[in-house]
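# Descriptive analysis of the structure
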Amino acid sequence: MKKSVVIGALTAAGLSAGAAAASTLEDVKARGSLNCGVSTGLVGFSSPDANGTWQGFDVAVCRAVAAAVLGDPNAVEFVATTGKTRFTALASGEIDMLARNTTWTLSRDVDLKFTFVGVNYYDGQGFMVPKELNVSSAKELDGATVCIQTGTTTELNLADFFRANNINYEPVPVETNAEAQQQYLAGACDVYTTDASGLAATRAAFEAPDAHVLLPEIISKEPLGPLVRHGDDEWGDVVRWTLNALISAEELGVSSANVASLSESANPETPEINRMLGTEGNLGEMLGLNADWAAKAIGAVGNYGEIFAKNIGEETPVGLARGLNGQWEDGGLLYAPPFR
Amino acid sequence: MTTLSDPPQGSFRLSMLIYDTRYRSLTFQAIAAILLALAIWYLGSNLIQNLRVQGLDIAYDFLVDPAGYDINQTLIEYDSQSAHWRAAIVGILNTLLVAFLACVTATVFGVFAGVLRLSNNWLVRKLMSFYVEIFRNIPVLIWILIIFFIMIAVMPAPRAFRGDEPDATMLLGLFAFTNRGVYIPAPVWGPGSLVVVATFVASIIGIFAYRRYATKLLYDTGRLLPTGWPSLVILIVPTLLVFFIMGRPIGLDVPELGGFNFRGGIQVGAPLIALWFALSIYTGAFIAENVRAGIQAVSRGQTEAAAALGLRPGRVMKLVVLPQALRVIIPPLISQYLNITKNSSLAIAVGYADITATLGGITLNQTGRAIECVLLLMLFYLTISLTISAVMNVYNNSVKLKER
Amino acid sequence: MSDTHAQSVAFVRDTEIPSAPPPYAATGPVKWMRENLFATHANGALTLIALYVIWYVLSGAVPWIFNGLWNTSSLSECREVLDGTVGACFSVLTERWNQLLFGFQYPEEYYWRPTLAFLLLGVAAAPVLFFDLPRKMLAFTAIYPFVAYWLIWGGTMLTPIVAFLGVAAGAMVYKRFVTGSFALGFFGGIFAAFVVWNLGGFLISDTASDTAMLGAVPSRDLGGFMLNMMLGVTCVSLSIPIGIALALGRQSSMPLIKWICVVFIEFIRGVPLITLLFVASVMLAYFFPPESSLDLFLRVVIMITMFSGAYIAEVIRGGLAALPKGQYEAADSLGLDYAQAMRLIILPQALKISIPGIVNIAVGLFKDTTLVSVIGMFDIVGMIRGPILASTEWNGVYWELLGFASVLFFIVCYGISQYSQWLERRLATDHR
């Protein structure tokens with residue numbers, strides 16, 4: 001009798017292990033939803049609104065992938081991850097992809113075994129100080145108290161910058177942007193440092209934004225992008241080319257407004273659009289998706305420019321200019337490989 | 001008759017493993033061992049397989065790599081080029097520091113509130129039960145956050161000290177209370193300061209010797225020597241004398257506003273103060289209850305008997321009630337101390353660099369070595385807890401009722 | 001006789017003198033104040049200090065609370081309306097009320113379900129907490145977990161029904177065999193439950209949830225104070241049997257079992273809950289097959305249950321140790337075996353002694369559920385520090401939100417501890 005209990009327990013364990021680890025793409029299709037890791041709340045990039053719907057720049061990437069793979073931008077389970085849990089969540093298979101303003105670095109790529117599929121936002125670390133301190137350069141910050149958001153590369157960059165310039169500072173680690181903002185405004189730290197995009201967004205929310213200045217130094221390169229696990233290249237390709245489709249769409253003038261009409265039939269004058277939207281060739285089939293995958297993605301969230309304008313562009317409270325994140329034709333760094 | 005006590009020999013049957021109490025425990029233990037082994041094997045093989053699939057391994061060599069981040073409150077030499085293990089040591093020392101400070105003040109708060117809860121002053125009694133109830137019934141994490149936010153919002157920023165008519169001034173010109181922390185003067189040890197310190201230590205030993213002598217004299221001859229003011233004299237006079245004879249070798253490094261911050265002196269950071277205060281006031285409420293229960297556990301007859309012997313109220317407390325109450329108070333007090341140590345891990349909420357924030361926080365984030373970091377973290381807390389329990393158990397045994 | 005008497009005495013008052021009122025200082029509020037507030041000089045000083053503290057706190061808090069605004073839509077609007085005067089912006093509570101209670105992902109149209117589950121919890125807990133209520137109500141307590149599961153998570157009704165049938169089958173098998181041998185009944189019951197669950201698993205098709213009466217809600221959508229309540233209630237109720245087993249194991253004469261229990265208890269008690277939650281959030285996933293459906297909520301429940309199980313085990317061990325040795329010997333002399341002695345003699349008494357301790361652990365555990373915010377779950381503290389404070393409308397509202405969370409916790413915890421004190425008085429059988 002006792003033997004059978006042991007066997008029963010083993011069968012139960014075996015059953016749960018039985019669903020063999022197939023490829024991520026097949027898993028997502030079988031499940032009917034995409035598990036996407038996002039930040040727990042960074043306005044403009046990913047944050048739930050008053051109705052509990054996730055909104056933001058990173059969120060749009062998740063929705064685009066869901067639309068491309070499953071045809072439904074709402075078939076996404078957003079998993080809120082902290083700086084601590086994000087990598088484990090991805091490595092352990094809890095999430096299929098991570099779109100959480102994560103900086104692409106060598107050690108994350110090589111040592112932690114993740115594949116960064118591209119860059120959706122080129123950022124850099126900057127400083128914000130109150131105007132009344134009369135500081136015009138970060139090199140004048142000797143002895144200052146600096147608020148840093150922990151769990152990011154910002155701490156390392158900051159340490160490097162101050163050491164290289166041979167000046168001292170006092171770090172004040174803070175957990176969330178909201179708390180950093182509170183401490184900074186109360187004068188518990190002189191300087192607030194984080195990604196320049198975050199600084200702009202934070203300053204925009206102040207009562208008197210003009211009383212604070214962003215210092216000219218950008219002390220690091222922060223290419224932020226979505227990432228997937230090593231070793232599943234098919235899935236990596238799907239996420240990579242969904243991102244590329246969003247970028248190319250802007251370059252080629254495809255937007256959520258005209259994508260439906262453009263993908264009705266092939267237009268001989270625009271072969272690349274035809275290939276991307278699946279009216280010509282079989283690019284979707286190569287990826288293991290439907291022919292209209294890119295059309296679905298663009299139709300759901302718009303092209304890169306639309307996503308940018310809607311979530312973090314100059315019209316929004318975050319109010320970021322395109323800058324480095326413009327198309328290469330406009331002097332930016334966005335340069336999607338051809339759809340061929 | 002001799003066969004009566006002999007068990008039947010050589011007839012071992014399998015069913016005896018279940019029905020014979022002599023063997024049954026063996027059966028159970030064997031089953032437990034098998035289950036344990038199976039569980040370990042199941043979890044272990046999953047771990048190994050998962051790590052292999054990810055191409056990861058469990059290795060601790062990241063500990064010797066440079067940490068790359070800075071820590072604001074360190075008790076030992078540390079900079080961003082120090083190794084991760086050194087950051088962990090900084091964290092350990094910070095944990096021990098805040099735990100020690102909080103244990104001391106929590107005991108003070110607790111004894112104070114516990115005794116006042118038994119006061120015959122109605123208002124004070126009610127106020128103290130209000131304090132105890134309100135702090136015991138709200139999570140410590142919320143208290144830490146509230147107290148930290150109060151500090152940030154209420155205390156002046158260093159820039160408030162600036163200018164000709166500053167909004168804030170330093171206390172006695174020595175202490176500065178800001179929302180970045182409290183700046184206090186630091187002693188500067190000149191040549192010959194060792195002699196002063198040695199004298200001070202010697203005077204403390206002297207006080208104990210004097211009190212011992214006074215007790216002995218009391219028991220031997222019945223003569224009562226005063227202990228209060230002579231102790232004070234022994235404590236202060238020789239040290240002061242030596243201090244001036246040696247030419248005032250110990251100076252003070254007073255904090256001064258320079259640049260962005262106060263410079264010089266010792267900075268006790270705001271996160272440390274908030275955590276320290278929150279932990280002590282929260283745990284103090286629990287200790288107050290223990291103290292009250294301990295004092296109430298001493299039966300009234302003891303107090304009455306002591307009074308009947310003609311002891312004054314102070315002596316009744318000191319010689320009769322407290323020694324007996326302590327026996328009841330100490331064991332829960334130990335677990336409160338352990339709780340403080342464990343709750344200090346909530347430092348992460350206010351950015352105090354304890355072990356959870358360095359090894360279990362930034363190091364974990366930067367290296368991504370989650371399993372290794374969490375294992376080391378648990379090992380540390382386990383060591384601390386077991387050590388405190390062991391030390392306290394020894395003490396506990398020494399005050400235990402020696403029954404004959 | 002009375003006549004003579006009357007004549008022999010010059011004057012006799014034939015009515016009683018009305019008793020004079022006590023001196024002014026020895027009566028009424030003055031006496032009370034002299035005795036309770038100003039008995040000695042030191043006492044008087046204490047009273048004055050206490051009065052000052054009370055005045056200081058109230059003078060700050062009262063205008064802030066009564067000047068508070070309840071219907072603005074953002075912090076800046078609230079500050080504009082207040083126009084420099086002291087006042088709270090309670091409008092964040094009214095605007096984010098649902099988020100604070102249910103988290104931001106729980107579907108709005110389903111809010112009645114957790115609310116109903118919460119109300120039913122009162123009904124289910126009542127017979128356990130108050131012995132005077134009819135025992136038949138325990139039947140509802142038995143089915144409550146399955147009802148609550150179904151209400152909160154939704155999905156197909158078959159899941160909780162199969163789970164309930166499994167438990168019921170196990171209980172029946174246990175009842176049938178326990179008179180013969182406890183081990184047979186116990187393991188037989190577990191086996192029966194497993195059989196029913198495995199068979200029932202085939203009945204539930206994968207698509208059953210789509211057409212269910214109540215829409216399914218994934219557990220990562222749970223949040224707010226509801227999450228604290230769920231974690232608290234689930235983990236406490238699960239950890240009591242585990243605590244009993246561990247306590248008995250620690251007292252066992254079998255060295256291996258004793259050793260396992262001691263190591264487990266001391267390990268869990270030696271580390272902070274937060275490290276166990278780190279284990280749940282960053283390590284536990286590695287110990288199970290990649291596709292196993294162990295979501296974060298379940299992992300956290302496992303860890304908190306283990307945590308409180310170890311603490312409850314120590315409380316129960318205290319209860320076991322407090323029983324006079326005579327009780328054990330009496331059980332032995334009646335010829336009861338170990339299981340019978342424990343079930344019929346020892347545990348009922350030991351548990352009675354341990355109840356106040358268990359309630360204390362439960363209160364502590366409930367408060368500790370706020371720690372899940374550190375690992376990125378959106379309980380009430382997580383909601384406050386995360387989505388609400390990060391939103392552009394309410395960035396900077398701390399006191400109102402943290403104060404609200406404090407009030408909620410205070411009500412629940414104070415209620416439980418008052419219950420515990422009532423129970424202590426109720427169960428006190430000694431005469432003091």
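For every chain, the first residue of the written sequence is number 1, and numbering continues from 1 onward in sequence order. In the order they appear in the text, chains get letters beginning with A and ligands get numbers beginning with 1. Confidence filtering applies because this is a predicted model: local features only for residues at pLDDT of at least 70, side-chain atom pairs given and counted only at 80 or more, and all residues used for totals across whole chains, interfaces and linings.

## Considerations on the overall build of chain C
Strands are runs of DSSP state E lasting at least 2 residues, helices are runs of H or I lasting at least 4, and numbering of each runs from the N terminus. Secondary structure summary: chain C contains 18 helices and 0 strands in total. The reference for a compact globule is 2.2 Å times residues^0.38; the radius of gyration itself is calculated from the C-alpha atoms. Its C-alpha atoms give chain C a radius of gyration of 30 Å, clearly above 22 Å, the size a compact globule of 432 residues would have. In terms of overall dimensions, chain C has a C-alpha envelope of 110 × 80 × 40 Å along the principal axes. Backbone-placed C-beta atoms define the burial measure: a residue is buried with 20 or more other C-beta atoms within 10 Å of its own, exposed with 12 or fewer, and partly exposed in between. Of all 432 residues assigned to chain C, the portion counted as buried reaches 37%. Here contacts are defined at the residue level, using C-beta atoms placed from the backbone and a cut-off of 7 Å between them. Restricting to contacts in chain C with at least 6 residues of sequence separation, those with at least 24 account for 67%.

## Quick notes on the environment of Ala370 of chain B
Its location among the elements puts Ala370 of chain B in helix α12 (residues 370-399). Residue classification places Ala370 of chain B among the buried residues on the basis of 25 C-beta atoms within 10 Å. Taking the C-alpha atoms as reference, Ala370 of chain B lies 8.1 Å from Gly360 of chain B; in sequence the two are 10 residues apart. Ignoring any residue separated from it by four or fewer positions in sequence, one finds Ala370 of chain B in contact with Thr88 of chain A, Leu364 of chain B together with Val282 and Met283 of chain C.

## Remarks on the domain arrangement of chain A
Residues and elements named next belong to chain A. Residue ranges labeled as domains rest on an automatic or database domain assignment. Under the domain assignment, chain A is made up of domain 1 (5-122 + 224-330) and domain 2 (125-220). For domain 1 and domain 2, the distance between their C-alpha centroids amounts to 31 Å. Opposite the 13 residues of domain 1 that make contact, domain 2 presents 11 residues. Considering only residue class, the side of domain 1 that touches domain 2 consists of 7 nonpolar, 5 polar and 1 charged. By the convention adopted, Pro, Cys, Tyr, Trp, Phe, Met, Ile, Leu, Val and Ala count as nonpolar, Lys, Arg, Asp and Glu as charged, and the other residues, Gly among them, as polar.

## Regarding the domain arrangement of chain C
The parts lose accessible area when they come together, and the size of an interface is often stated as this lost area. Taken domain by domain, chain C holds domain 1 (1-58) and domain 2 (221-432). Relative to domain 2 of chain C, the C-alpha centre of domain 1 of chain C lies at a distance of 53 Å.

## Points about the interface of chain C and chain B
Facing 41 residues of chain C, the contacting portion of chain B comprises 42 residues. Sorting the residues of the side of chain C that touches chain B by element identifies α3 (41-66), α12 (255-270), α13 (273-283) and α18 (399-427) of chain C as the ones contributing at least two each. The biggest single contributor to the side of chain C that touches chain B is α18 of chain C, with 8 residues. Considered class by class, the residues forming the side of chain C that touches chain B number 31 nonpolar, 9 polar and 1 charged.

## A look at the sheet that holds strand β10 (residues 169-174) of chain A
All names here are of chain A. Strands were regarded as paired on the criterion that DSSP finds at least two bridges between them. Here 5 strands make up an open sheet; going across it, the order is β10-β9-β11-β8-β12 and the pairing mixed. A single partner strand is all that each edge strand has here, and the edge strands are β10 and β12 (212-214). In this sheet, adjacent strand axes meet at a mean angle of 25° when their direction is disregarded. Two elements, strand β8 (residues 125-130) and β12, share 3 bridges in a ladder whose sense is antiparallel. Counted as the bridge partner of Val129 is Val213 from β12. Sitting on the sheet, helix α8 (residues 196-204) touches β8, β11 (191-195) and β12, and the angle it makes with β11 is about 125°. Angular values range over 0 to 180 degrees, each being the angle between N-to-C directions of two axes fitted as lines to C-alpha atoms, with helices fitted over their stretch in contact.

## Considerations on the nonpolar core
Judged by nonpolar contacts, the single largest core of 279 residues is most densely connected at Ile144 of chain B together with Leu277 of chain C. Looking at this core, the element that brings in the most residues is helix α8 (residues 270-297) of chain B, giving 17 residues. If near-sequence neighbours (up to four positions away) are discounted, Leu277 of chain C is found in contact with Val300, Met303, Leu371, Val372, Val374 and Ile375 of chain C. The term nonpolar core refers to a set of buried Ala, Val, Leu, Ile, Met, Phe, Trp, Tyr and Cys residues connected through C-beta atoms within 7 Å.

## Things to note about helix α7 (residues 112-129) of chain C
All names here are of chain C. Relative to the 26 Å expected for 18 residues at 1.5 Å per residue, α7 spans 25 Å between its end C-alpha atoms, a close match to the ideal helical length. For α7, the complete set of buried residues consists of Arg113, Pro114, Ala117 and Ala124. Each element contacted by the buried residues of α7 is listed here: α6 (97-102), α8 (138-153) and α11 (224-251). The span you would expect from a helix comes to 1.5 Å times its residue count less one.

## Quick word on unusual backbone geometry
Despite not being glycine, Asn134 of chain A shows a phi value in the positive range, around 55°. Its place among the elements puts Asn134 of chain A in the loop between β8 and β9 (144-149).

## Digging into the pairing of strand β7 (residues 266-269) of chain B
Residue and element names in this part refer to chain B. By the alternation rule, side chains of β7 split into Gln267 and Gly269, which are all buried, and Ile266 and Val268, of which none is buried. Of the pairings in the sheet, the one linking strand β2 (residues 181-184) to β7 comprises 4 bridges and is antiparallel in character. Opposite Ile184, over in β7, you have Ile266 as the bridge partner.

## Digging into the interface of chain A and chain B
Taken together, the contacts link 32 residues of chain A with 29 residues of chain B. Secondary structure elements with two or more residues in the side of chain A that touches chain B: α1 (2-18), α4 (86-91), β9, α6 (154-164), β10 and α7 (177-185) of chain A. Here the element with the most residues in the side of chain A that touches chain B is β10 of chain A; it accounts for 5 residues.

## Concerning α8 of chain B
An α-helical segment advances 3.6 residues per turn. Residues three or four places apart therefore align on the same side. With 28 residues, α8 of chain B should reach 40 Å at 1.5 Å per residue; the first-to-last C-alpha distance of 40 Å fits that figure. Counting buried positions over the 28 residues of α8 of chain B gives 25, a clear majority of the element.

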